[in-house]
Amino acid sequence: MKWIKAVFGIVLTVALVYLGNSKLGMLPPMAKFLNPFHGFWKNAQWSNTVQSDSFELNGIGAESKVVYDERGVPHIFAANDHDLYFIQGYLTAKDRLWQMEFQTHAAAGRLSEIVGEKALDFDLEQRRIGMVWAAENALELIKKDSESLAALNAYADGVNHFISTLREDNLPLEYKLLDYQPEPWTVLKSALLLKYMAKMLNGNERDRPNTEALKLLGPEMFNQLFPDQNYLSNPIVPNFAPDTTLGKKLDLNDVVTAGNWAMPNIQPHFVGSNNWAVSGSRTESGNAILCNDPHLALSLPSIWYEIQLNSPNVNCYGVSLPGSPGITIGFNDSIAWGVTNAGRDVKDYYAIDFVNYAEGTYRMGKEVLQAEKRLEEIKIRGGNTVVDTVYYTVLGPVAYSEMKKGQYLALRWLAHDASNELLTFYKLNRAKNFNDYERALSTYNCPGQNFAYADTKNNIAIWQQGKFKVMPKDYGRFIQDGSDTMHLKEHFIPQSDNPHMLNPKRGFVSSANQAPTDTAYPYYYSGVFEEFRNRTINNFLRNDSSITIQEMMDLQLSNYNLLAAEALPIMLKLLDTTRFQYPENERLALKELLSWNFRNDRELIAPTVFEIWWDELNNILWDEFNSTDWDQDKYYRYGWEAMVNTGKAKVDMRDERYVYPMAKVTIDLLENHPDHGAFDHGSTNNSVETAKDIVYDSFYWTAMKFGDIIEYKYNKPHWGFYQGTRVKHLARLDAFSSKKLVVGGSEHAPNATTATHGPSWRMIVEMNPDGPKAWGVLPGGQSGNPGGKFYTTSLNSWATGQYHVLNFLKNSEASKEGWSVQTFNPIKE
């Protein structure tokens, strides 16, 4: 029997060693992961060691110094630009390598290599919309500019130098957890990162939903519910009327009837931002002030990396994109700049008429053309490689298809065109005045952005810059006929005709993703634009003539919900309280609303009631656009619990083919057209409903849900808890994500915080002639290491509305007590 036990012990030991060093599904080899000398325990140690010291760095030409402040922000002082960008790449990789590589793998459609088959559909979409092709086109143009190419190469060399120093013990934690190794960084990866951002900010495409809605509603009703959004109140640049004849001789082609296309998920329209600049004539200090807070998906690590860059040619501070050299949003000794998303549609879809799909031949006018075939090999971890054939037509790649129906859509996306956005930021980092700012914007194409500007000479400006097509009315709103040769005749709006203004009489410029122009503008454009935040901001700036820094902070943090302020009084006026069926719940909910100040503050209950009511009203009113398999009764009974459990304040029951009309349309119908046919329930056959019926029905279900939330085991109906904002790890690893943050905000308030999105960087800069003074905060920290000291350094400050002073140093000797200084020397021959 003893020999049996001995054999069993040996077999068990071998099995445990094998299993401990083998990957089981998505689990890492646990013996390696838990190893006290090389496993995840070592990552906290490596991330917490920022000490003053001297190092030799292979790749730089002269001595450089890096000052680390109390939050771990690096201030690089280099002898030349090459060394500056080399060290920027090296330090960014040290803090964010996994994030950089994961995002560029996502952009290239390579996530399946890391996480397996679950990412296949995502990867297929990235390949089919031509992400790598777009980056390759951009890189070809970048190579023609020596300055931006030199910056990219130096940055890549710095990243690769850091990668060369990695060992098993200091490998970033996610590599250990997912059990793979980093690969060399290339300049193409940096170009891919910029296209990744372009895709993120160009998600407001409406071609297919508009086409489907037109088919469902007919032209008259469609135009009522989905009017052009161009001419809303408070545009970015009022009364802008450049003298032009472009676009007035173009003919509109026919709209193609849509099929059930497998289109991408529509981005929420609150993916936007705020920026404004105020002249010194309207500030207490007499200096111009610039503010910016880009609203993006919240993630850990933060989407931005805070840094100062100093060489004999540049001295600037702000945030960079991990993976790209330079500073994207920030300031230097002379100017400050900030960006918001333009919201204009720069993606067009065309139905391609294939003669023979297998051979890739298709019709264009009277000709039959041959599509270029690109074979996309998608390697799947733990599975077989998938090869996808993507056809490239003269209009772009065939991005979406339904072969059984013979329906194919080509994508014409302006981000596919060769461009050099990197050069824009390279020049902005060095700009000294308005003319430099204007020249810097000249190379910026996609995604369209609103660049706010302020300088130490008290000039302020804003310019909506991007590559925008000259189009006839309604062009790009629907799926187009891809065989029409008119689509090949493209013209583009010159930079001088893009909306802009310098030193307006009102003393401020601003943008919050609203329409850029009013009816004075001669060019047609379409897009999805904000309708409320911009007016809240403009009303404040217009009425305050002695603005302080604290007031600018308060405005960025304002939770005032203008949508509620305009919609709720109308809804309450239409609410028939004599119909109350459950008076206790309904009166409790009504009481909260009647005393509300329209602020979505975290400690208030009224915002919870309003947001549920507004969503209920839209889901009932726009039932024509809801999923055909929507179980209305089940949703009303259990939808609230799903919302609370998942931390999502909105449960959207839309059929994926449609989007709801904009909020201003809904408010207008409630106030001015209460008997409109849109209020008639599609689910009732024997009655005709009006606005009053929809308002009461939605309030009834709101009160039912509200009562349930009050009695729910957590017993926290307050807005901050109900909204459920969390900053999640980029790979959605729950252990590395934040807990639920009890914060205020609304997508329609200046503090546009929701469950998943919010201000990704708050920045305020006073352009003092003696040197800019600045404040800012990230929803995270400098480090990408979940076990590190600087992983969530600023998260609590961000959540509680606090700002850090941004230390804009003049030299490396300006280090303060408690900071560290590292000296980097070239390796001696």
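Student: Sorry, what's going on with the packing of aromatic side chains here?
Tutor: For the structure on display, the rule yields 39 aromatic pairs. Geometrically, the ring pair formed by tyrosine 700 and tryptophan 701 is edge-to-face, given 4.9 Å between the ring centres and 75° between the ring planes. Like tyrosine 700, the residue tryptophan 701 is buried in the burial classification. Members of the aromatic cluster, joined through ring pairs, are Phe222, Phe226, Phe478, Trp622 and Phe625. Across the ring face of phenylalanine 508, the terminal group of arginine 506 is positioned such that the distance to the ring centre comes to 4.2 Å. Looking at lysine 740, its charged tip hangs above the ring of phenylalanine 721, at a distance of 4.1 Å from the centre.

Student: So what exactly am I meant to see when it comes to the packing of helix H15 (residues 533-543) against helix H16 (residues 549-556) here?
Tutor: When two helices pack together, their arrangement is given by the angle between the helix axes and by the axis-to-axis distance. Orientation of H15 relative to H16, taken along the N-to-C sense of each, is 160°, at an axis distance of 11 Å. Considered as vectors, H15 and H16 are oriented roughly antiparallel to each other. Where H15 crosses over H16, the two elements pack in a sense that is right-handed. Facing H15, whose interface residues are Ile537, Phe540 and Leu541, H16 presents Glu551, Met552 and Leu555.

Student: Sorry if this is basic, but what is going on with the sheet that holds strand S15 (residues 372-378) here?
Tutor: Sheet strands associate in pairs through backbone hydrogen bonding, adopting either a parallel or an antiparallel arrangement. Spatially, S15-S16-S17-S18-S11-S21 is the arrangement adopted by the 6 strands of the open sheet, whose pairing is mixed. Pairing within the sheet leaves two strands with one partner each, and these edge strands are S15 and strand S21 (480-481). Packed onto the sheet, helix H7 (residues 131-142) meets S15, strand S16 (386-393), strand S17 (396-402) and strand S18 (407-413) and runs at close to 115° relative to S15.

Student: I tried to follow the pairing of strand S26 (residues 762-766) on my own but got confused; where do I start?
Tutor: A regular strand places its side chains so that they alternate between the two faces of the sheet. Among the 5 residues of S26, 5 are classified as buried, and the element is accordingly described as predominantly covered. Side chains Arg762, Ile764 and Glu766 project from S26 onto one buried face, and the interleaved Met763 and Val765 project onto a second face that is buried too. Across 4 bridges, strand S5 (residues 289-297) lies against S26 in antiparallel orientation. Looking at S26, one finds that cysteine 291 is bridged to isoleucine 764. As paired elements, S26 and strand S27 (residues 773-777) share 5 bridges and run antiparallel to each other. Counted as the bridge partner of isoleucine 764 is tryptophan 775 from S27. If you look at the hairpin formed by S26 and S27, you'll find 6 residues sitting between the two strands, and glycine 771 has a positive phi there, around 135°.

Student: Looking at this model, I keep getting lost on helix H19 (residues 606-621). Mind explaining?
Tutor: Along an α-helix, a turn takes 3.6 residues, which lines up residues three or four apart on a common side. The terminal C-alpha atoms of H19, which comprises 16 residues, lie 22 Å apart, in line with the 22 Å expected from a rise of 1.5 Å per residue. The buried count for H19 comes to 16 of 16 residues, which makes it a mostly enclosed element.

Student: Sorry, what's going on with the pairing of strand S14 (residues 367-370) here?
Tutor: Summarising the sheet, strand S13 (residues 361-364) and S14 pair through 4 bridges and their orientation is antiparallel. Bridging from a neighbouring strand, arginine 363 pairs with valine 368 of S14. In this structure, the hairpin formed by S13 and S14 is closed by a connection of 2 residues, where glycine 365 is found at a positive phi of approximately 65°.

Student: What is the right way to read the pattern of salt bridges from this model?
Tutor: Any two side chains of opposite charge can pair, so long as their charged atoms come close to each other. For the structure shown, the criterion picks out 32 salt bridges. In this structure, glutamate 113 engages arginine 110 in a salt bridge whose closest nitrogen and oxygen atoms are separated by 2.9 Å. The partner of glutamate 212 in a salt bridge is lysine 215, with the nearest N and O atoms 3.4 Å apart. In this pair, glutamate 212 and lysine 215 are both assigned in helix H11 (residues 207-217), 3 residues apart and thus about one turn of the helix distant. Relative accessible area serves as the criterion here: at 1%, glutamate 212 is assigned to the buried category. Assessed through its relative accessible area of 46%, lysine 215 is described here as partly exposed.

About the cut-offs
- Residues numbered from 1 in each chain as written.
- Predicted model: local features only at pLDDT ≥ 70, side-chain atom pairs only at ≥ 80, totals over all residues.
- Heavy atoms only, no water.
- Phe/Tyr/Trp six-rings, centres within 6.5 Å; stacked < 30°, edge-to-face > 60°.
- Buried < 20%, exposed > 50% of the residue type's maximum accessible area, 1.4 Å probe, protein only.
- Lys NZ or Arg CZ within 6 Å of the ring centre and 35° of its normal.
- Axes fitted to C-alpha atoms, helices over the stretch in contact; angles between N-to-C directions.
- Helix = DSSP H or I, 4+ residues; strand = E, 2+ residues; numbered from the N terminus.
- Parallel < 35°, antiparallel > 145°, perpendicular 65-115°, else oblique.
- Left-handed = near helix turned anticlockwise from the far one by under 90°.
- Contact = heavy atoms within 4.5 Å.
- Pairing = 2+ DSSP bridges.
- Expected span 1.5 Å × (residues − 1).
- Salt bridge = Lys/Arg side-chain N within 4 Å of Asp/Glu carboxyl O.

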